[in-house]
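Observations on the model geometry
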Amino acid sequence: MEENKVLDEVKEVAEDTAKEVKDAAENAAAEVAEAAEKTAEEIKDTADVPASEQDGKAAPEYVLEIDDLYVEYDTEDALVKAVNGLNLKLRHGETVGLVGETGAGKTTTALSILRLVPDPPGVIKSGSIKVEGQNVMELSEAAMQEIRGNDVAMIFQDPMTALNPVFTVGEQIAETIRLHTDCTKDEADEKAGDMLEVVGIPRARGNEFPHQFSGGMKQRVVIAIALACNPKLLIADEPTTALDVTIQAQVLDIMRGLKDQFNTSMIMITHDLGIVAETCDSVAIIYAGRIVEYGTLVDVFKHTLHPYTEGLFNSLPNIHNRTAKLKPIKGLMCDPSNLPVGCPFADRCNYVTDACKEKLPEQRYVSDTHYVCCTAYDDPNFRLERSKENG
Amino acid sequence: MKKFLATLLAAAMVFSLAACGGKSEGGSGGESSGAESGESQGGESESTEPSGGDGGDSSEMVSDLPALSESELANATLKKQVVIGLNKDLVTLDPYASNNVEVSLLLRMTHSHLVKQDPRTYELQPDLATDWEVTDEYIDFTIRDDAKFHNGDPVTIEDIIYSFDVMKENSYTSSKVSFIDHIEKIDDTHIRMHLAKNNQDALRILAYFNVCIVSEKESKADEANGRGIGSGPYKVAEWELGSHTLLERFDDYFGEKPLTESFLMKTQPEDSARVISIENGETDICIAPPAQEVEHIASSDKSMVMAVTANKLVYIAINQNGNHKALADKKVRQAIAHAINRENIIIAAKDGKAKLANTVISPKTAYYNPDQEAMEYDPELAKQLLSETDFADGFEMTISFIDGTTYKTIAQLFQADLAAIGITVKVDPKDNSSMKTLMAEEKHEAIIYNWGPTPGEGPDITFRSLFMGGSGSNRQILNDEWVNETIEAAAVETDEAKRQDLYYQLQEWMIDNAGFLPMYYEILYMGVNKNLHNFNIEPSEQHTFTYCYVTE
Amino acid sequence: MWRFILKRLIMLIPVLFGVALIVYFIMDLTPGDPAVIIAGEDATPEQREAIREELGLNDPFIVRYGRYMFNLFRGDMGRSMLSKVDVFPTYFQKLPASLALAFGSIIVALLLSIPLGVLSATHQNTWVDTLCTIIGMLGMSMPNFWLGMMLIIAFSNKLGWFPSGGFDGLKSLILPSITEGVFLLALIMRNTRSSMLDVIRQDYIVTAKAKGVNRRGIIWHHAFRNALIPIITVAGMNFAYVLCGPVLTETVFSWPGVGRLVYDGITKTDTQLVTGCLILSCMFVSVINLVVDIIYAFVDPRIKAQYSK
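Residues numbered from 1 in each chain as written. Chains lettered and ligands numbered in written order. Predicted model: local features only at pLDDT ≥ 70, side-chain atom pairs only at ≥ 80, totals over all residues. Heavy atoms only, no water.

Next up on the list: the overall build of chain A. A tally of helices and strands in chain A yields 13 helices and 12 strands. Against the compact-globule benchmark of 21 Å for 391 residues, chain A has a radius of gyration of 22 Å, which places it among compact chains. Counting only C-alpha atoms, chain A reaches 65 × 65 × 45 Å along its principal axes. Taking all 391 residues of chain A together, the buried fraction comes to 48%. Sequence separation of 24 or more characterises 66% of the internal contacts of chain A that already satisfy a separation of 6 or more. Just so you have it, chain A exposes about 19600 Å², and 50% of that area is on carbon and sulfur atoms. Each charge sign in chain A was given a centre, from 38 positive and 67 negative side chains, and these centres are 4 Å apart. (Helix = DSSP H or I, 4+ residues; strand = E, 2+ residues; numbered from the N terminus. Rg over C-alpha atoms; globule rule 2.2 N^0.38 Å. Buried < 20%, exposed > 50% of the residue type's maximum accessible area, 1.4 Å probe, protein only. Contact = heavy atoms within 4.5 Å. Areas by Shrake-Rupley, 256 points an atom, 1.4 Å probe, with all protein chains shown as cover. Lys, Arg positive; Asp, Glu negative; His and termini not counted. Charge placed at Lys NZ, Arg CZ, Asp CG, Glu CD.)

Below, the structure is given as C-alpha cells:
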C-alpha cells in the first residue's frame, strides 16, 4: 500500500518534471525559432522561386520519384542485397518518414538518390530515381555535383564526425554557397553567417573550428550547410539519433521551421516513431530493402496494416503501464545476403501462413493513400490485433 | 590471384636487382686498394739507382711523362689549376703529426728541407742548405739567406734549430732524427749539426718529407696548424677537412718557379667515383685507382694510365715472441711459409697485377738482393716440416688485418692454404684503430700489413724499423742479438762490398727465420690527364707534383 | 602557442645534458686508444703515455665528463685529436652541405611520393596501386650506394650532364638528392597512401561529397589536409636522418657533409670530434622535432588548441 502511494507520488512528480522540461524546451525552441524566422524571412525574400511557381513550364508533380530501385553491395565475402524493389514518391513540401530497423536499407536508399553509394562495392542494379522529373541515373558526374547540395541536400547521423576538423564552420558553409551560386568570397561568408543565425548560432562563431562546438551545435551547423542553397529536397538520415532528448527537440524544431519557410520536401529517416509523429506527413515502413507499408500519418498510426509496423508500435514502452514487459519483435532481421524467396518478414511474423513463404507479397492499395505488402490481405477481412483495438 | 601475381612480380624484380647490385669493387666506406693499411714508413739515404729489379714490367708501363721543350712551351696554353683526386683525406696540415703518404704529397710542395732529392734520379740537391760538408762527428751546412716563409718572414737559423727540436720530441719524427745530437749556430748562414751517432744515410733522412722546416713564430702562435706554413713553392690557400685543399703558387719562393698557378686537391674516398672523375676530365690526376678499373681509365679519351712497380711490399708477419707456442717454433713458421700459394693470392687479391716478392725488402731499396729466393709454395714440404715439430696434429691461430677487400682475400686464401696442412686459421678483420692498438700492444698472432720505403732510400731505416729488437714497426716481435748487431754494423760500414754482404746476409736470415713472409710488391697505378707533362710516378707513393703542368 | 614554443625551447637544455652524458659515455666505451692514433703505432710507450697525460685521458670518467660539460657551456667543444681543428666551427663548416642534401632529398621525395601516394589511395587495389607499391618496394630495397654509382655512371660519365661528386653548386646537388631521396620517397609514399585511405573513409568526406564538391576538391582540399599529419611526421624524421649522416651517399659523391666527418672520426677513433659532432647532431634533431610539432599546429587546429592549453 505504502509502496503504491510512493510510486504514485513519484509518478506525479515525474510527470510534472517531464512537463516542465517539455515546456522549457518548447519555450527555448520557440525563442530560437522566432529569431530564426526573422532571418529566414530575409533570406526567403532573396531565395529562389519555388519550382512549383516557375512560369511557363509545368512543374513536375513529384520532387522525388523512386521506381523499382535495386541496390547491391558486391563484397568479396557475399552479395548483399540492400535495396530490393523500392518505390517512393514525394511531393513538394511533403515530409515522409522512412522507418525501419538497422540494416533495412534506409541509408542505402538515401545515398542512392545522390549517387553516393560507395562504388565499389555498391552497385545500383536497376530502377530509376527522378529528381524534379530528371532521372539521376542518366546524369554525368559533373551534373550530379551540381545537384548535390543544391537541389538535394543530405544530413547525416553522427554530427561529431560529419564536419571537417581543419576548416572553420563558416568556411564549410560558405563552400556550399560558393559551389552553387555565383558570388564573391565575402558575399558567401556573409551568407554563411546568415545561415548560422538561422540555426541559432551567433554569427561570430563562424570563425571557430568544429571541435569547439557541442554535438547539438555541430548538428545545427550540418543543417545550415545542407540548407544553405535552399534545396528542394532534404534527406535527413537519423539526424537526432546521436543527440540527447532536449537537444533533439531543438533541432527538430529548427528543421521543421525551415522546412515550412522554404517549402522544402524532406525524407526523415528514423527508427523513432515519436519523431515521425512530430514531423512527418506520410510514413514509409521499410523492411529488407522494400517499402512494406506506406500511408499518411493517420493511416499508419491509426489504421496500421503490416504486422511489422504493428510489431514496431508494440515494442514501444507504455508510459501508462510502467511495469508491463517490453514486447520486442521476435527474431532478427533476415540476412540481406541471403534473402528468402517469400516474404522476408515471414519467420518473425505472428500471422504467418504457408502462402507467405512461397512468394513475395505485392503492393496492395487499401485506400487512395495507403498501401501494404502483405499476403494476409488476400483475405479482405484480415485485421491486425492493433487495428482491431483502434477500430 | 591479382595480389599473388603482383607479389611474385615484385619479388622477381627485387631479386634480379639485388643480384646485379654491388658491382663496384670499392663498395663504400673508403676502401682503397692503394694505400690500404696505413702509412708507408719513411726511409733514408743511399742513392743506388733503381736497378732492373722490376723484371721488365716497366717496359709496358708508362711511369714518366717528360717535360715539353722550350718551343713547345712557348706555343702551349697551360691550365691554371691542376685538380688532383685523393683517395684519403688530408687530416692535418701539421707536418710532424703523421707519416701518411698523402701528407707527403702536400709537404713536398709547401715546405722546404735542408736538402732535397731529384724526383727522377734521387740525386741529392740543395734546398735550404746550399752547401754542406760531412765528417764523422758533425755536418756543416751553409744556409741560404733569401728563403721566405709564406707569411713573408725570412727563414732563419733559429727556425731551423727550433724545427729540429720539435722533431726530436714528436713521436712521428723522433726516431728519424735520433742520429742528431744538437745543432749549433755558427753564424747567420752557417750551422753545425753535431751527430749523436754516425749514420751513412743522414743526408737522405734530412730530405725525408716530414723532416721539414717550420716557422717558430707561427708554430707557437697556432699550435694546431701553424706548422702548416712552410717556405716551399706553394702555399695553402684553403683547407677544408674532409673536402679539399687549395694550393697557390708562392711568388716569393727562392727556387725555380713552377708553371702551374694552383693545385686543387679533392678528397674522393669512393674508388669508383674517383675513377669516373678522371674519365670525365673533372680531375687531372687520380691517385690509387683500383687495379680493376685501370682499363676504364685507359680507354677514356681524356685520361691515361701511369704505372710502376711500387716500393710497397705486402707481407704477413708472425709474432714469434708472443703467447702462441707453435708460432714460436721456427720450423712451424717455415712450414707455414711453404704452405702459402702466393701466386693464387696475387691473382685473387690483385687481379694478377702485382709482382711476386722474392725477399724482405722491395726492389727500389738499396742492397736489394735480386737473387734471394723466398720460400716456394710446396705443400708437401710444408706437411713434412710440420710433422717434425711438436705440433704435427695442427693447431689454431688468428690472422688479423685492417678490414678491406684485398687483405680479406689474402686472409681467406691463407686460411684455406693452411687448412690443407692441418692448421685452423681464424680470420680477424679489424677497423683501423683497433688494428693499430692491437699491434701497439703486440698482442697479435699473425698480421697482414705493408711496408713502403721512401724514394731512393737506403736499407737502414727499413731494417732498423722492421727487424731491430724493440722497434715500433717490428711486427714479428723479433729480438735477435745477431740481427741487432748486424744492423748496427751495416749502418756504419763504409766499405761498399762489405756493406752489401751484411745486408744480403740479413735478407737470407729473415727468409729462413720465416717470421716475416713477403707476399708481393704492389704495382702502383695512377690515372692522369692525357695532357699532363713533366711528372714521374714515384714507387713509394710520395709523388712530387710541384713542376708538372697540363696543357689545354 | 608562443608559450608552447618557449617551453619546448627551454626543454632543450635538459635534453642537451642527457645527450651529452650518453654520447660521452658510449664514446668512452669504444675500443681503440686515442693516444695510439695520435702518436702513431711506431711511438714508444713513453711517448704515448705523455700524450695521454696531456689530453687528460688518465683521469676518472666523472672528472673528464665534468671537464667536458664545463667547456661545453663555454661553447668550447675541444679540438679534433688528429686534425687539431676546433670541433664546433668544423661541424658548422660542414653543415651547409648536409642541409643542402637534406632539403634536396626531401624535395625530391615529396615531389613524387605525395602524388603517387594519393594516386595509390584513390585507385586502391587497381593496377595503378600495384605499380606504385612495386615502385615503393624497389625504392626501399635498392641499396642506395649502388643507386648512386649507377646514377654517376649513367648521368655523369656517359651523358656528362652532372658532376660526379663534390658540392659545387646546384647541379652537383641533383644526383645525391635523388640517391638519398629515393628511399624517402618509398617511405613517404606508403605513409601517404595509408593516411589517405584512412581519411577517405571518414564521414566528413561523405558530407563534402553530398555538398557537391568535385573529385579533385575532395582529394586535395578536404582529404589531403587531414592526411598530412602522419606524412609530416615521416618527412620530419627522415629529414633529420639525412641531415645527420647519410654516410654511404656522402662517400659515393664525395659530399663534404657532417656524416662523413663523423664517420672519419669514428674510424680514426677521434673521440673528441665524434663526441662533439654527435651532441650537435642530436641538438639539431631536437630542433627539427620542434619545428615539426609547430608545423602540426598550422595544419590541424585541434593540435593548435592543445598547445594553447
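Opposite the 20 residues of chain C that make contact, chain A presents 24 residues. Summed over both sides, the interface between chain C and chain A buries roughly 1900 Å², with carbon and sulfur atoms accounting for 61% of that surface. Among the residues chain C hides against chain A, the three largest losses belong to A210, K211 and P301 of chain C. Together they make up 31% of the total. At the boundary of chain C with chain A, the tally comes to one salt bridge. Between K211 of chain C and E175 of chain A there is a salt bridge, with the nearest N and O atoms lying 2.9 Å from each other. (Buried area = accessible area lost by both parts, 1.4 Å probe. Salt bridge = Lys/Arg side-chain N within 4 Å of Asp/Glu carboxyl O.)

Another aspect to go through is the sheet that holds strand 1 (residues 62-74) of chain A. Residues and elements named next belong to chain A. Taken in spatial order, the four strands line up as 2-1-4-5 in an open sheet, and their pairing is antiparallel. With one partner strand each, in any of the chains shown, strand 2 (79-91) and strand 5 (134-135) form the two edges of the open sheet. Here strand 1 pairs with strand 2 via 10 bridges, running antiparallel. What sits directly across from Y73, in strand 2, is V80. Sitting on the sheet, helix 2 (residues 106-113) touches strand 1, strand 2 and strand 4 (122-131), and the angle it makes with strand 1 is about 115°. (Pairing = 2+ DSSP bridges. Axes fitted to C-alpha atoms, helices over the stretch in contact; angles between N-to-C directions.)

Residues and elements named next belong to chain A. Of the pairings in the sheet, the one linking strand 1 to strand 4 comprises eight bridges and is antiparallel in character. Bridging from a neighbouring strand, V71 pairs with I124 of strand 4. Sheet topology places strand 4 next to strand 5; two bridges connect them, and they run antiparallel. When the sheet's bridge partners are listed, K130 is paired in strand 5 with N135. In this structure, the hairpin formed by strand 4 and strand 5 is closed by a connection of two residues, where E132 is found at a positive phi of approximately 50°.

To continue, consider the interface of chain B and chain C. The interface of chain B with chain C comprises 56 residues on the first partner and 49 residues on the second. Summing the contributions of chain B and of chain C, the shared interface buries around 4200 Å²; its carbon and sulfur component is 57%. For the interface between chain B and chain C, the tally reads one salt bridge. The closest approach of N and O atoms between E240 of chain B and K94 of chain C, which form a salt bridge, is 3.5 Å. The interface formed by chain B and chain C holds eight residue pairs in polar contact (both at pLDDT 80 or more) in total. For the side of chain B that touches chain C, the secondary-structure elements that each account for two or more residues are helix 1 (2-20), strand 9 (234-240), helix 7 (271-280) and helix 14 (432-440) of chain B. Per element, the largest residue contribution to the side of chain B that touches chain C is eight residues, and it comes from helix 1 of chain B. (Polar contact = N/O pair within 3.5 Å; in protein donor to acceptor, adjacent residues only side chain to side chain.)

Moving on: the confidence of the model for chain A. Confidence in the prediction of chain A, expressed as mean pLDDT, is 85, and 91% of residues score 70 or more. Residue range residues 49-57 of chain A is modelled with pLDDT below 50. Its contacts to residues more than four positions away, or to other chains, number five contacts. (pLDDT = per-residue confidence, 0-100.)

We describe a pair of aromatic rings using the distance from one ring centre to the other and the angle between the two ring planes. What the rule picks out here adds up to 33 aromatic pairs over all chains. When the centroid spacing of 5.4 Å and the interplanar angle of 35° are considered together, the rings of F17 of chain C and F73 of chain C count as tilted. Highlighted residues: F17 of chain C in helix 1 (residues 2-29) and F73 of chain C in helix 4 (residues 61-73), separated in sequence by 56 residues. Three or more aromatic residues link up through ring pairs in this structure, and these residues are Y315, Y367, F463, F467, Y503 and F516 of chain B. When the ring centre of F213 of chain A is taken as origin, the NZ or CZ atom of R205 of chain A, which lies over that ring, is 4.3 Å away. Across the ring face of Y138 of chain B, the terminal group of R192 of chain B is positioned such that the distance to the ring centre comes to 3.8 Å. (Phe/Tyr/Trp six-rings, centres within 6.5 Å; stacked < 30°, edge-to-face > 60°. Lys NZ or Arg CZ within 6 Å of the ring centre and 35° of its normal.)

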